[in-house]
Amino acid sequence: MDSTEEKGRKEINIYLDRIEELEDGSGEAILYVEDDEDEFREFVLPADFLPEDAAEGDYLTLTISRDKEKTQEALEEARNLLKNLEE
């Protein structure tokens with residue numbers, strides 16, 4: 001897999017194969033990422049997630065990182081909901 005990783009963040013190179021228009025007028029991007037066995041895995045994202053200048057045939061960089069603040073907020077909200085259920 002062609003990617004770089006640092007603590008809490010990973011960048012993955014992906015290939016934009018095509019953008020398909022859906023019946024409702026929106027689009028979906030058909031993307032491929034190469035795994036460690038040199039096989040390609042397909043995944044789909046809403047086309048409006050892509051940069052405006054992205055075009056079919058482009059290689060893109062997908063960055064995934066942890067959002068510690070939002071994770072903490074979600075945990076606190078779940079704890080509060082459980083606490084309210086117990087009362």
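Everything below is about the structure printed above this text.
It should be emphasised that the depicted structure is a prediction, and the values quoted were computed from it without experimental measurement.

## Digging into the environment of Phe49
Now for step 1: Its place among the elements puts Phe49 in the loop between strand E4 (40–46) and strand E5 (59–65).
Now for step 2: For Phe49, a relative accessible area of 58% puts it in the exposed group.

## Quick look at the environment of Asn84
Now for step 1: Looking at the secondary structure, you find Asn84 in helix H1 (residues 68–86).
Now for step 2: On the accessibility criterion, Asn84 (49% relative accessible area) is partly exposed.
Now for step 3: Each C-alpha atom of the pair Asn84 and Gly27 lies 41 Å from the other, and the pair is 57 residues apart in sequence.

## Focus on the pattern of salt bridges
Now for step 1: All told, the structure shown has four salt bridges when counted by the stated rule.
Now for step 2: Notably, a salt bridge pairs Glu20 with Arg18, separated by 2.7 Å at the nearest N-O pair.
Now for step 3: Look at the salt bridges and you will find they share partners, linking Asp17, Arg18 and Glu20 into a network.

## Brief notes about the environment of Asn13
Now for step 1: Within the secondary structure layout, Asn13 lies in strand E2 (residues 9–21).
Now for step 2: Each C-alpha atom, one on Asn13 and one on Pro51, is 14 Å from the other, the two residues being 38 residues apart in sequence.

## What about the pairing of E4?
Now for step 1: Looking at chain direction, strand E3 (residues 27–34) and E4 are connected through seven bridges and run antiparallel. When the sheet's bridge partners are listed, Glu28 is paired in E4 with Pro46.
Now for step 2: Where E3 folds back on E4, the antiparallel hairpin that results is connected by five residues, among which Asp38 adopts a positive phi of roughly 60°.

## Some details on H1
Now for step 1: Its 19 residues give H1 an end-to-end C-alpha distance of 27 Å, which sits within 8% of 27 Å, the value for a rise of 1.5 Å per residue.
Now for step 2: Burial analysis of H1 places just zero of its 19 residues in the buried class, a small minority of the element.

Each value, and the rule that gives it
Residues numbered from 1 in each chain as written. Predicted model: local features only at pLDDT ≥ 70, side-chain atom pairs only at ≥ 80, totals over all residues. Heavy atoms only, no water. Helix = DSSP H or I, 4+ residues; strand = E, 2+ residues; numbered from the N terminus. Buried < 20%, exposed > 50% of the residue type's maximum accessible area, 1.4 Å probe, protein only. Salt bridge = Lys/Arg side-chain N within 4 Å of Asp/Glu carboxyl O. Pairing = 2+ DSSP bridges. Expected span 1.5 Å × (residues − 1).

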